[in-house]
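Working through the structure, step by step
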Amino acid sequence: MGTDTVRSAAGDDADLRRQQRGWYFYDWACSVYSTSVVTVFLGPYLTSIAEAAADADGFVHPLGIPVRAGSFFAYAISLSVILAVLVMPLVGAAADRTGRKKPLLAAAAYTGAAATAGMFFLDGDRYLLGGLLLVVANAAQSVAMMLYNAYLPQIAPPEERDAVSSRGWAFGYAAGALVLVLNLVLYSGHESFGVSEGTAVRICLASAGLWWGAFALIPLRRLRDLRAPVRETGKGALPGFRQLAATIRDMRRHPLTLAFLLAYLVYNDGIQTVISQASVYGSKELGLGQSTLIVAVLLVQVLAVAGALALGRLARRYGAKRTILGSLVAWTLTLAAGYFLPAGAPAWFFVLAAGIGLVLGGSQALSRSLFSHLVPPGKEAEYFSAYEISDRGMSWLGPLLFGLTYQLTGSYRDAIISLVGFFVLGFALLVRVPVRRAIADAGNPVPERI
């Protein structure tokens with residue numbers, strides 16, 4: 001959409017700003033799940049529950065399948081992503097056909113929030129319950145984020161999207177930092193609060209679900225759906241993989257959009273795996289305590305706010321593509337350095353966390369805003385379903401590689417270094433995409449600097 005189209009669709013400037021502020025609050029609502037649950041608490045906690053249920057050889061047996069307890073969390077993440085792959089294309093196509101993204105966003109958000117709140121009941125050896133809740137919550141988060149991202153072309157004209165997207169990520173990381181401070185107070189002082197360490201972790205997990213559900217009300221009140229659905233195809237609803245295939249076939253008419261999506265699929269798989277497995281690496285390989293991990297992730301959150309806004313400013317000067325490429329170089333160097341971190345040395349882990357924080361928010365925010373320029377008008381949700389599959393849906397490969405590497409070698413260092421290839425290959429693919437021509441081919445106005 002061009003500037004005038006966005007403003008005429010969304011209403012006057014005041015209404016547009018109101019919707020943008022409401023949109024930011026979904027990042028504020030759901031990022032706590034990504035931070036407190038996926039990044040900090042659930043990986044080590046669910047792994048310890050699986051280890052408590054393991055046999056003498058260190059294996060658990062969900063559905064009779066032998067799985068090393070240390071790999072269970074990574075496999076559950078992969079399974080959640082496969083479920084999301086089935087659901088997201090259906091929901092995205094339905095949102096574009098009906099023009100009603102908001103009811104679908106509400107359903108996905110509150111399914112995820114409820115599953116997260118249910119993690120309070122994880123104790124003893126209930127690793128299967130933990131895996132089930134993780135699969136549901138993570139898949140629901142993917143569906144909700146797909147719908148949330150699809151609002152970006154509707155609420156921001158082309159020249160504002162890098163800034164709006166970056167502010168959304170900054171809101172999310174600020175919320176993650178705030179709640180992590182509260183988590184750290186509870187976890188570190190659990191004895192003074194009269195609760196056990198395990199109970200403190202379960203409270204932190206459940207509170208993320210309550211936070212998610214409470215603040216999701218703000219965007220659901222402020223965002224407006226456009227009541228002009230796109231032309232019906234006459235094909236009706238298709239099963240998940242068939243709908244995805246139909247979307248990809250449509251995207252073949254825009255091969256440069258597909259080329260960007262492929263590059264993003266690769267490098268973002270590395271980003272998502274680092275996010276989900278960093279606490280396991282710090283806990284199991286480096287021997288760091290939970291409080292140290294919380295402080296490290298808190299450092300990531302605080303610096304990611306500044307990083308997202310700073311990279312947004314760099315994009316205005318150098319263009320989003322060049323800025324993303326620079327962030328991928330930084331990711332590669334940071335991850336390679338992580339392989340050599342000495343065990344039991346929190347200071348060096350904090351240095352690594354600082355490096356991650358400075359590039360994390362910006363690389364994600366600019367990728368989202370750049371893709372929004374490549375989406376043909378009227379197909380935002382459908383195309384963002386493919387984007388979200390690249391964002392989360394295809395991120396099963398990284399955790400699977402991480403889990404398999406650990407299962408075969410018994411070394412988390414080998415597992416973490418195996419992820420470097422995602423960033424190197426992603427860089428090589430992205431540098432070949434002519435984004436200005438891709439935007440024009442999608443039928444969108446080309447910003448002065450991109």
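These lines cover the structure that appears in this document, whether it is placed above or below. Keep in mind that this is a model prediction, so the values were computed, not measured. (Residues numbered from 1 in each chain as written. Predicted model: local features only at pLDDT ≥ 70, side-chain atom pairs only at ≥ 80, totals over all residues. Heavy atoms only, no water.)

Once that is clear, we can look at the overall build of the chain. What the chain contains, in helices and strands, is 19 helices and two strands. Taking 450 residues into account, the globule formula puts the C-alpha radius of gyration at 22 Å, and the chain, at 21 Å, falls close to it. Judged by the C-alpha coordinates and their principal axes, the chain covers about 60 × 40 × 40 Å. By residue count, 59% of the 450 residues in the chain fall in the buried class. (Helix = DSSP H or I, 4+ residues; strand = E, 2+ residues; numbered from the N terminus. Rg over C-alpha atoms; globule rule 2.2 N^0.38 Å. Buried < 20%, exposed > 50% of the residue type's maximum accessible area, 1.4 Å probe, protein only.)

Before going further, it helps to examine the packing of helix α3 (residues 72-98) against helix α16 (residues 397-409). In the contact formed by α3 and α16, the axes pass within 8 Å of each other and the chain directions differ by 155°. Comparing the axis directions of α3 and α16 gives the class roughly antiparallel. Crossing of α3 over α16 shows left-handed handedness. Side by side, α3 and α16 meet where A74, Y75, I77 and S78 of the first sit next to P399, L400, G403, L404 and Q407 of the second. (Axes fitted to C-alpha atoms, helices over the stretch in contact; angles between N-to-C directions. Parallel < 35°, antiparallel > 145°, perpendicular 65-115°, else oblique. Left-handed = near helix turned anticlockwise from the far one by under 90°. Contact = heavy atoms within 4.5 Å.)

Throughout the structure, instances matching the rule amount to 26 aromatic pairs. For the pair F120 and F121, a centre-to-centre distance of 5.6 Å together with 85° between the ring planes defines the contact as edge-to-face. The interplanar angle of 90° and the centroid separation of 5.0 Å between the aromatic rings of Y339 and F340 together place this pair among those described as edge-to-face. Classification of Y339 by relative accessible area gives partly exposed; the value is 26%. Taken together through their ring pairs, the aromatic side chains of W23, Y24, F25, Y26, W28, Y148, F171, W211 and F215 make up a single cluster. Note that K101 overlies the ring of Y151, its terminal NZ or CZ placed 4.6 Å from the centroid. Cation over ring: R202 sits above F120, and NZ or CZ is 4.8 Å from the ring centre. (Phe/Tyr/Trp six-rings, centres within 6.5 Å; stacked < 30°, edge-to-face > 60°. Lys NZ or Arg CZ within 6 Å of the ring centre and 35° of its normal.)

The next thing to look at is the side chain of T35. Relative to the assigned elements, T35 resides in helix α2 (residues 13-53). According to the relative accessible area criterion, T35 is buried, its value standing at 4%. A distance of 3.3 Å separates the side chain of T35 from the side chain of Q301, its partner in a polar contact. For T35, the residues in contact, after removing those within four places along its chain, are V40, G176, L180, V297 and Q301. (Polar contact = N/O pair within 3.5 Å; in protein donor to acceptor, adjacent residues only side chain to side chain.)

Time to look at the nonpolar core. Judged by nonpolar contacts, the single largest core of 138 residues is most densely connected at W23, Y26, L42, F260 and W331. Each residue touching W23, except ones within four places of it in the same chain, is listed here: Y148, Y151, L152, I155, V164, S165, G168, L223 and R368. (Core = buried A, V, L, I, M, F, W, Y, C linked by side-chain atoms within 4.5 Å.)

Given a rise of 1.5 Å per residue, 28 residues ought to cover 40 Å, and the 40 Å separating the end C-alpha atoms of helix α7 (residues 161-188) matches this to within 8%. For α7, the tally of buried residues reaches 20 of 28 residues, placing the bulk of the element in the interior. (Expected span 1.5 Å × (residues − 1).)

Another aspect to go through is the pattern of salt bridges. Applying the stated rule across the entire model yields six salt bridges. When the shortest N-O distance is used, the salt bridge between E160 and R17 registers 2.8 Å. One end of the pair, E160, is in the loop between α6 (152-155) and α7; the other, R17, is in helix α2, and 143 residues separate them in sequence. Relative accessible area serves as the criterion here: at 28%, R17 is assigned to the partly exposed category. (Salt bridge = Lys/Arg side-chain N within 4 Å of Asp/Glu carboxyl O.)

Let us now look at unusual backbone geometry. Phi at L63 takes a positive value of approximately 55°, unusual for a residue other than glycine. With respect to the helices and strands, the residue L63 is situated in the loop between β1 (59-60) and β2 (67-68). According to the relative accessible area criterion, L63 is exposed, its value standing at 86%.

As a further point, take the state of the cysteines. The final tally for this structure, using the stated rule, is zero disulfides. Counting only cysteine sulfurs, C204 is the nearest neighbor of C30, a cysteine outside any disulfide, at a range of 18 Å. Using a relative accessible area of 1% as the deciding quantity, one classes C204 as buried. (Disulfide = S-S within 2.5 Å.)

Mapped onto the elements, H190 comes out in the loop between α7 and α8 (197-215). The contact partners of H190, leaving out residues within four places of it in the chain, are V195, S196, E197 and A200.

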